[in-house]
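Each chain, letter by letter, is given below.
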Amino acid sequence: QVQFVESGGGLVQPGGSLRLSCAVSRNIFRTYAMGWYRQAPGKQRELVAVIGGSGNTNYADSVKGRFTISRDYVKNTVYLQMNSLKPEDTAVYYCTAGTLSMPTYWGQGTQVTVSS
């Protein structure tokens with residue numbers, strides 16, 4: 001059982017910013033690519049961003065230029081900095097551990113709501 005400690009979700013106005021954090025065990029953090037996926041009401045779960053062990057990243061087109069994924073090897077934590085948020089970014093955001101193309105493990109999710 002992989003334990004994820006996710007935080008940082010909440011309610012923000014359009015144009016605002018949030019930073020999501022996800023901490024995992026050192027072994028998991030150093031073995032897998034870490035990522036964020038999201039699922040909006042009535043929609044399929046989709047990739048937001050993923051980061052490999054060497055720092056290589058992949059982003060959904062819809063968030064490029066607005067979101068930044070990073071990882072801290074001291075804290076075994078992956079971050080998602082979200083700027084210029086839009087109402088369509090409203091979703092449950094899930095932290096993942098896996099490969100760059102396929103998650104293996106999923107966190108419990110954190111709600112992000114963008115609304116005025």
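Model, not experiment: these values are computed from the prediction.

(A) Structural context of the environment of T77. Here T77 is to be found in strand β8 (residues 77-82). Along the backbone, T77 and F29 are 48 residues apart, and their C-alpha atoms lie at a distance of 7.6 Å. Dropping the residues within four chain positions of it, T77 is found in contact with S21, C22, A23, F29, S70, R71 and D72.

(B) Examining the state of the cysteines more closely. Scanning all chains against the criterion turns up 1 disulfide. For C22, the disulfide goes to C95, at an S-S distance of 2.1 Å. Disulfide C22-C95: torsion about the S-S bond near -85°, hence left-handed. With C22 in strand β3 (residues 18-23) and C95 in strand β9 (residues 91-98), the pair connects residues that are 73 residues apart, well separated along the chain. Both residues of the pair, C22 and C95, belong to the buried class.

(C) Summary view of the environment of G16. For G16, the position within the fold is in the loop between β2 (10-12) and β3. For G16, a relative accessible area of 18% puts it in the buried group. For the pair G16 and L85, spaced 69 residues apart in sequence, the C-alpha separation works out to 5.5 Å. Setting aside anything within four residues of it in sequence, one finds G16 in contact with M82, N83, S84 and L85.

(D) The nonpolar core, seen in detail. If you look at the biggest cluster of nonpolar residues, it comprises 30 residues, and the most contacted ones within it are M34, W36, V78, L80, M82 and Y93. Looking at this core, the element that brings in the most residues is β9, giving 4 residues.

(E) Expanded view of the pairing of strand β11 (residues 110-114). Because side chains alternate across β11, one face comprises the buried residues T110, V112 and V114, and the other comprises Q111 and T113, none of which is buried. Relative to β11, β2 is paired through 3 bridges, and the arrangement is parallel. Following the sheet pairing, V12 is matched in β11 by V114. Pairing of β9 with β11 involves 3 bridges; the strand directions are antiparallel. When the bridges of β11 are listed, Y93 appears paired with T110.

Calculation criteria
Residues numbered from 1 in each chain as written. Predicted model: local features only at pLDDT ≥ 70, side-chain atom pairs only at ≥ 80, totals over all residues. Heavy atoms only, no water. Helix = DSSP H or I, 4+ residues; strand = E, 2+ residues; numbered from the N terminus. Contact = heavy atoms within 4.5 Å. Disulfide = S-S within 2.5 Å. Buried < 20%, exposed > 50% of the residue type's maximum accessible area, 1.4 Å probe, protein only. Core = buried A, V, L, I, M, F, W, Y, C linked by side-chain atoms within 4.5 Å. Pairing = 2+ DSSP bridges.

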